[in-house]
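Residue-level structural notes
This is what each chain is made of:
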Amino acid sequence: NVSPVEFIPIVEKTKLIVPVGEKVFEQAFRFLKRLEKHGLSDISVSINVSVIQLLSKDFCTNLLSMIDRMQVRPQNVGLEITESVFSSDYDKINRILGELKKAGLYIAIDDFGIGYSSLARERELNVNYIKIDKYFIDRLLDEDHKKTIICDIISIAHKFNHHTVAEGVEKQSQKEYLLNSGCDKIQGYLISK
C-alpha cells in the first residue's frame, strides 16, 4: 500500500490527478449504486477534490454528466476541498462550487482552521459544511474547555448558514462537548475506524 500522502502530490504535480480523480468518482458512484440496490439510498459519499481538478476544463460539466449517466442522486454526492484551494483564483473556484451546490451536491471545506481561513470570505463561500480540523478537536483533551475556540468556530459557521462537522473525534468527552456546543456532525474513530 502507498499512502495518499505520498502519491497525491505526485499525481497533482504531473496533472494526473484529473484522470485519477475521474476514476475515483466512477468508483464512488458505483459504490452508491450498490448501496442503493441494498435499500440504502439515503447514504452519501464524500470525495476529496484538488484545485487542479476544480480548475480543469469542463470539470463541472463532466462531473454532472457522469452523475446523470450513472444515475446517481446528486444529493448523495459530497465534495471535500481544503481551504487552501481558495488561495488561488477564489472567485472562479467559488463560482464552480456554487454551480455544483445548485445542482444538489454538498460541498465541505476540509481541515478548516489550519490554513487560509478568512472570516470575510467564509461568509461568501458556496459550501454547506465547515469541517473543523482534528487539531482543534485534540485540544479538547489537553485544554480547559472554556479556553477552546471550537464553540466560537461553530457559532460563526452557523451565523454564515454553514453546518459544522468535527473531524477526528476519538473520545466520548469530545463528543459530549461538541454536541453541547451545537456541532452538527462528528466523524472519527469514536464512531468508526
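Fair warning: this is a prediction, and the values are worked out from it, not measured in the lab.

**Points about the overall build of the chain**
The helix and strand tally for the chain stands at nine helices and six strands. Expected size for 193 residues packed as a compact globule is a radius of gyration near 16 Å; at 17 Å, the chain falls within 12% of this value. When its C-alpha atoms are laid out on the principal axes, the chain stretches across 50 × 40 × 35 Å. In the chain, 66% of the contacts between residues at least 6 apart in sequence involve partners at least 24 apart. On the chain, roughly 11200 Å² of surface is accessible, and the fraction owed to carbon and sulfur atoms is 51%. Of the side-chain charges in the chain, 26 are positive and 27 negative, and the distance between the mean point of each set is 4 Å.

**Quick notes on the environment of Ser-192**
As for its position among the elements, Ser-192 is in the segment after β6 (185-186). Residue classification places Ser-192 among the exposed positions, given a relative accessible area of 52%. Expressed as a C-alpha distance, the spacing of Ser-192 and Glu-170, which sit 22 residues apart in the sequence, is 9.3 Å.

**Quick look at the nonpolar core**
Formed by 46 residues in total, the largest nonpolar core has its most connected members in Phe-25, Phe-29, Leu-63, Phe-86, Leu-100, Ile-150 and Leu-178. Contact partners of Leu-178, with chain neighbours within four places excluded, come to Ile-137, Leu-140, Ile-150, Ile-154, Ala-166, Val-169, Cys-183 and Ile-186.

**Thoughts on the packing of aromatic side chains**
Within this structure, the stated rule accounts for four aromatic pairs. Ring centres of Tyr-106 and Tyr-129 lie 5.9 Å apart, and the angle between their planes is 75°; this geometry places the pair in the edge-to-face category. With Tyr-106 in strand β3 (residues 106-112) and Tyr-129 in strand β4 (residues 129-132), the pair connects residues that are 23 residues apart, well separated along the chain. Using a relative accessible area of 17% as the deciding quantity, one classes Tyr-106 as buried. With 5.2 Å between their ring centres and 85° between their planes, Tyr-135 and Phe-136 make a pair best called edge-to-face. When its relative accessible area of 45% is taken as the criterion, Tyr-135 is described as partly exposed. Given a relative accessible area of 11%, Phe-136 falls into the buried group. In textbook terms, an aromatic cluster arises when at least three aromatic residues are bridged by ring pairs, as seen for Phe-25, Phe-29 and Phe-59. The ring of Tyr-135 has Arg-139 lying over it, and the distance from NZ or CZ to the ring centre is 4.5 Å.

**Things to note about a nonpolar patch on the surface**
Together, Leu-16, Val-20 and Val-24 line one region of the surface with nonpolar side chains, adding up to about 220 Å² of accessible area. Tracing the backbone through its elements, the reader meets Val-20 in helix α2 (residues 17-37). Val-20 gets classed as partly exposed once you look at its relative accessible area, which sits at 33%.

**A closer look at the sheet that holds strand β2 (residues 77-82)**
Pairing in this open sheet of six strands is parallel, and the strands run β1-β2-β3-β4-β5-β6 from one edge to the other. Strand pairing shows two members of the sheet lacking a second neighbour, β1 (45-48) and β6, which therefore form its edges. The pairing of strand β5 (residues 163-166) with β6 spans two bridges and is parallel. By the bridge assignment, Ala-166 is partnered in β6 with Ile-186.

**Some points on the packing of α2 against helix α4 (residues 59-69)**
Contact pair α2 / α4: the axes reach a minimum separation of 11 Å and the direction vectors enclose 25°. Judged on the interaxial angle alone, α4 and α2 are roughly parallel. α2 and α4 meet at a crossing whose hand is right-handed. Contact residues: α2 offers Glu-22, Phe-25, Glu-26 and Phe-29, while α4 offers Phe-59, Leu-63, Met-66 and Ile-67. Broken down by class, the residue content of the contact of α2 with α4 amounts to six nonpolar, no polar and two charged.

About the criteria used
- Residues numbered from 1 in each chain as written.
- Predicted model: local features only at pLDDT ≥ 70, side-chain atom pairs only at ≥ 80, totals over all residues.
- Heavy atoms only, no water.
- Helix = DSSP H or I, 4+ residues; strand = E, 2+ residues; numbered from the N terminus.
- Rg over C-alpha atoms; globule rule 2.2 N^0.38 Å.
- Contact = heavy atoms within 4.5 Å.
- Areas by Shrake-Rupley, 256 points an atom, 1.4 Å probe, with all protein chains shown as cover.
- Lys, Arg positive; Asp, Glu negative; His and termini not counted.
- Charge placed at Lys NZ, Arg CZ, Asp CG, Glu CD.
- Buried < 20%, exposed > 50% of the residue type's maximum accessible area, 1.4 Å probe, protein only.
- Core = buried A, V, L, I, M, F, W, Y, C linked by side-chain atoms within 4.5 Å.
- Phe/Tyr/Trp six-rings, centres within 6.5 Å; stacked < 30°, edge-to-face > 60°.
- Lys NZ or Arg CZ within 6 Å of the ring centre and 35° of its normal.
- Patch = residues over 30% accessible without salt bridge, like charges linked within 9 Å, V, L, I, M, F, W, Y side chains within 5 Å.
- Salt bridge = Lys/Arg side-chain N within 4 Å of Asp/Glu carboxyl O.
- Pairing = 2+ DSSP bridges.
- Axes fitted to C-alpha atoms, helices over the stretch in contact; angles between N-to-C directions.
- Parallel < 35°, antiparallel > 145°, perpendicular 65-115°, else oblique.
- Left-handed = near helix turned anticlockwise from the far one by under 90°.
- Nonpolar A, V, L, I, M, F, W, Y, C, P; charged D, E, K, R; others polar.

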